[in-house]
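Analysis of the macromolecular model
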Amino acid sequence: MLATGDVLTGLGVGLEAVSAEVFRVKPPQPLPIPANHAGDEEAQGAKLREAVDAVGQSLQELAVKAGETSAEIFEALEMILQDESLFEAALGEIADGFEAGTAFVNAIETFAEMLSGDPTFEERLADIRDLGRRVAAHVHGIALGLDLPEEGRYVIVGEDFAPADTAQFTKAVVGVITIHGGPTSHTAIICRSKSIPAVVSCTAAKDLLDGTEVLVDPVGDRVVVGGTDSDITKAITFVAKNPEPIIPVRANIGSLEDAVAAATTAAEGVGLFRTELLYLSSTTRPSKEKQVESYTEILKAAPEGPIVVRTIDAGSDKPVPFLQMPHEENPALGVRGYRLVQDHEDFIVDQLESLEAARVASGREVWVMAPMVAVATEAEAFAKLAREAGQYKVGIMVETPSIVYDLRHLGGVVDFISVGTNDLSQYLFASDRMNPNLGAMLNPWQPALIQALAQIAAESKKNGIYSGVCGEAGSDPAFAAVLAGMGFDSVSASRSQVGAVRTALSSMSQADAEAVYQAVIGARSADEAKSIALAKLAQFAS
Ligand code: PEP
Ligand code: MG
């Protein structure tokens, strides 16, 4: 049972919030179970033709009703529906004995299976399957309408909405919540185009009841039960006031393509080059020549500035086929990252030596770091290997809680550290980063993570170690301001976010960033920390 003040998290669509009462869309009426016909093959074919034409006609009507963005979708769906080979395939199913509705659903399913596995079509498959459902419903005289209210103001809640559903949205639909569906689902696209505030992928919305007042708060990626205007998360548009950000903003890359794209941004070098991404499908170990060639190309293409290269971070969420790894019950806590040195030191050394050759060939400034270092002795061992192999700055990633307490031993051992907030959150909160039910624990605004980060920045400074952050947290412009305020020397963001992070960090002074950090340290929850920071940051926005 949900109560006033409960927060349901999901993925927000849009910048405006809205509050209204919930209208639950009834699950569609079930279609009859697959069945055979009674030997009237020809009549079934005629029935199917009539149903396909009628659904086609209704798609055209929906296209007119839905307006520009959806019209294109309906036109595409109508083309699929009227495709002759699809109809032929359905006739083949009728010839095999299936009645018209079942025959068309089967034919559509075969078509959908051909497209599945292709990420471009994955989210469209539901729309295509919906065509089969509509034709079958017509064959059996079943109504599939949503029965939405025409008057009043409602936030509609449903599993997800197909194009034919969204076209039925009436003017009474002022907000949308879906239990499934991702940020590129049809519902998200349509809501964005129609400026209907939405939160998609909101699992807890399954417990929302008709008539409950809710606030749809897309900027906050949440729905607040009984929420009011004071709960609305405001979007901030930063305005750069200084030519340079208060700390350098670098880019994260994993391929030559990324390096080229990052060079078109204002990134100051690369803060994380994930080398394992080059080898996720390699069944044979890349030779040193091959490595030198690809690293050199990437170093040459990367944006101007230092390039921080991470040695292979294989294991757990990033298996690398050519490195034989033992089967582990719990790979996230197993032999991964720098721990591969146990059985594969030769590959790490190969990598370091190849990087040195690429550094010389490209003339670029290269820093190297090891992932998943847990204790000071590992950092010492890696620094020794790296300094023997080449002339670069040497560092480690800070992504296990234990190494935070060992930073005091690392002055003079490593030149820099870079915080991997993705893994640091995973290990700090004992929350598998791949588990969709634990997203809230992995929120960078969690006060415990903020405390840990502040400690890392302070310890690094105290020990004369340069410190950066390269986990996803650094891609959030507001959070990047907090990181700068704590004293980190640089952040590295995913390339699409470099511009936004740079603008944010160019909109304030170091003292301003420190004030934002000071304001959030007392927060008791992620939501509280984020809203305090956003309120403070609003001063630097337009
Ligand atoms: C991290 O853990 O934050 C990080 C940057 O590394 P990856 O996401 O590649 O594990
Ligand atoms: Mg990591």
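Everything in this summary refers to the structure shown in the same document. (Residues numbered from 1 in each chain as written. Chains lettered and ligands numbered in written order. Predicted model: local features only at pLDDT ≥ 70, side-chain atom pairs only at ≥ 80, totals over all residues. Heavy atoms only, no water.)

**Things to note about the site of ligand 1**
What counts is decided by this rule: A cutoff of 4 Å decides nearness: a residue is near a molecule or strand if any of its heavy atoms lies inside that distance of it. For this analysis, a polar contact is any N or O atom pair within 3.5 Å, provided that within protein one partner can donate a hydrogen and the other can accept it, and provided that sequence-adjacent residues contribute only side-chain to side-chain pairs. Where accessible areas are quoted, they stem from the Shrake-Rupley method and a 1.4 Å probe; at the residue level, only the protein chains shown are allowed to cover. Here a strand is any run of E in DSSP of at least two residues, a helix any run of H or I of at least four, and the numbering for each starts at the N terminus. Residue classes follow a fixed rule: Ala, Val, Leu, Ile, Met, Phe, Trp, Tyr, Cys and Pro count as nonpolar, while Asp, Glu, Lys and Arg count as charged, and any other residue, Gly among them, counts as polar.
What surrounds ligand 1 is a group of 14 residues, the closest being Arg274, Arg310, Lys318, Asn422 and Arg433. Between ligand 1 and Arg274, the relevant distance is 2.7 Å, taken from an oxygen atom to a side-chain nitrogen or oxygen of the residue. Note that an oxygen atom of ligand 1 is positioned 2.9 Å from one of the side-chain N or O atoms of Glu399. When the free accessible area of ligand 1 is taken as 280 Å², the share hidden by the protein chains comes to 99%. The set of elements that each furnish at least two residues to the shell around ligand 1 consists of β10 (270–274) and α14 (421–428). A class-by-class count of the residues in the shell around ligand 1 yields 3 nonpolar, 4 polar and 7 charged.

**Some points on the sheet that holds strand β15 (residues 466–469)**
What counts here: Strand pairing is assigned whenever DSSP detects at least two bridges linking the two strands. Where helices are involved, their axes are fitted lines through C-alpha atoms of the stretch in contact, as for all axes, and angles between N-to-C directions lie from 0 to 180°. Every residue pair with non-hydrogen atoms within 4.5 Å of one another is taken to be in contact.
Taken in spatial order, the 8 strands close into a barrel running β9-β10-β11-β12-β13-β14-β15-β16, and their pairing is parallel. Strand after strand, the sheet turns through a mean of 25° between neighbouring axes, direction not considered. Along the sheet face, helix α15 (residues 447–462) touches β13 (393–398), β14 (416–419) and β15 and points at about 170° away from the line of β14.

**Points about helix α12 (residues 376–389)**
Test applied: Helix span, as expected, comes to 1.5 Å for every residue beyond the first. Summary of the burial criterion: residues with accessible area below 20% of their type's maximum are buried, those above 50% are exposed, and those between are partly exposed, where the area comes from a 1.4 Å probe applied to protein chains only.
Counted at 1.5 Å a residue, the expected span for α12 with its 14 residues is 20 Å, and the 20 Å between its end C-alpha atoms agrees. If you check which residues of α12 are buried, you get Ala376, Glu378, Ala379, Phe382, Ala383, Leu385, Ala386 and Ala389.

**Notes on the coordination of the magnesium ion (ligand 2)**
Ideal geometry at a metal gives 109.5 degrees between four tetrahedral donors and either 90 or 180 degrees between six octahedral ones. Definition in use: Atoms are scored as donors when they are N, O or S and lie within 2.8 Å of the metal, with 3.2 Å used for Na, K and Ca; no water is included, so coordination may look incomplete.
Bound to the magnesium ion (ligand 2) on the protein side are Glu399 (OE) and Asp423 (OD), at distances that span 2.0 to 2.2 Å. Within this pair, whereas Glu399 is found in the loop between β13 and α13 (401–406), its partner Asp423 is found in helix α14, the two being separated by 24 residues in sequence. A single burial state applies to Glu399 and to Asp423, both of which are buried.

**Section: the pairing of strand β7 (residues 213–217)**
Of all 5 residues that make up β7, 4 are buried, and the element is covered over most of its length. Of the pairings in the sheet, the one linking strand β3 (residues 18–24) to β7 comprises 4 bridges and is antiparallel in character. Bridging across to β7, Val18 finds its partner in Val216. Where β7 meets strand β8 (residues 222–225), 4 bridges bridge the pair, whose relative direction is antiparallel. Among the inter-strand pairings, Asp217 is bridged to a residue of β8, identified as Arg222.

**Structural notes on the pattern of salt bridges**
Counted only if it meets this: Counted as salt bridges are all cases of a side-chain nitrogen of Lys or Arg within 4 Å of a carboxyl oxygen of Asp or Glu.
This model, assessed by the stated rule, comprises 24 salt bridges. Among the salt bridges present, the one from Arg49 reaches Asp53, with a minimum N-O distance of 3.3 Å. In this pair, Arg49 and Asp53 both sit in helix α1 (residues 41–66), 4 residues apart, roughly one turn of the helix. Under the relative-accessibility criterion, Arg49 is labelled partly exposed at 27%.

**Let's talk about a negative patch on the surface**
So the rule is basically this: The patches described consist of residues with a relative accessible area above 30% and no salt bridge, like charges being joined within 9 Å and nonpolar side chains (Val, Leu, Ile, Met, Phe, Trp, Tyr) within 5 Å. His residues and chain termini do not enter the charge count, which takes Lys and Arg as positive and Asp and Glu as negative. Charge positions are represented by NZ for Lys, CZ for Arg, CG for Asp and CD for Glu.
On the surface, Asp40, Glu41, Glu42 and Asp96 cluster together into a patch of negative charge. Within the element layout of this structure, Glu41 appears in helix α1. When its relative accessible area of 42% is taken as the criterion, Glu41 is described as partly exposed.

**A word on the packing of helix α4 (residues 100–115) against helix α6 (residues 125–139)**
Note the cut-off: For classification purposes, angles smaller than 35 degrees are called roughly parallel, those larger than 145 roughly antiparallel, those between 65 and 115 roughly perpendicular, and all remaining angles oblique.
It is the contact of α4 with α6, at a shortest axis distance of 8 Å, that shows an interaxial angle of 175°. Classified by the interaxial angle, the pair formed by α4 and α6 is roughly antiparallel. Taken together, the residues of α6 that come into contact with α4 (itself represented by Ala100, Gly101, Phe104, Val105, Ile108, Glu109, Phe111, Ala112 and Leu115) are Leu125, Ile128, Arg129, Leu131, Gly132, Val135, Ala136 and Val139. Class assignment for the residues of the contact of α4 with α6 results in 13 nonpolar, 2 polar and 2 charged.

**Digging into helix α19 (residues 526–537)**
In an α-helix, one turn spans 3.6 residues, which is why side chains three or four residues apart end up on the same side. When the terminal C-alpha atoms of α19 are compared, their 16 Å separation across 12 residues agrees well with the 16 Å that a helix rising 1.5 Å per residue should span. Buried residues along α19 sit in contact with α15, α16 (477–486) and α18 (510–520).

**Remarks on the packing of aromatic side chains**
Describing an aromatic ring pair means giving the distance of the ring centres and the angle of the ring planes. Note the threshold: Each pair of aromatic rings taken from Phe, Tyr and Trp, with Trp reduced to its six-membered ring, is defined by centres within 6.5 Å and is described as stacked if the planes are under 30 degrees apart, edge-to-face if over 60, and tilted in the remaining cases.
Applying the stated criterion to the full structure yields 10 aromatic pairs. Arranged with centres 5.2 Å apart and planes meeting at 85°, the rings of Trp367 and Tyr466 form a pair that is edge-to-face. Here the residue Trp367 occupies a position in strand β12 (residues 366–370), and Tyr466 occupies one in strand β15, the gap between them amounting to 99 residues. For Trp367, a relative accessible area of 4% gives the class buried.

**A short note on the nonpolar core**
Here is the rule we go by: We call a set of buried residues a nonpolar core when its members are Ala, Val, Leu, Ile, Met, Phe, Trp, Tyr or Cys and they connect through side-chain atoms within 4.5 Å of each other.
One finds Leu410, Leu453, Ile456 and Met486 to be the most contacted residues of the largest nonpolar core, which totals 93 residues. Tallying contributions element by element places α16 first for this core, with 8 residues. Setting aside residues up to four positions removed in sequence, Leu453 forms contacts with Val419, Thr421, Leu424, Phe479, Leu483, Met486 and Phe488. Counting residues in each nonpolar core, the second largest holds 31 residues, with Ala51, Ala103, Ala107 and Ile190 among its members.

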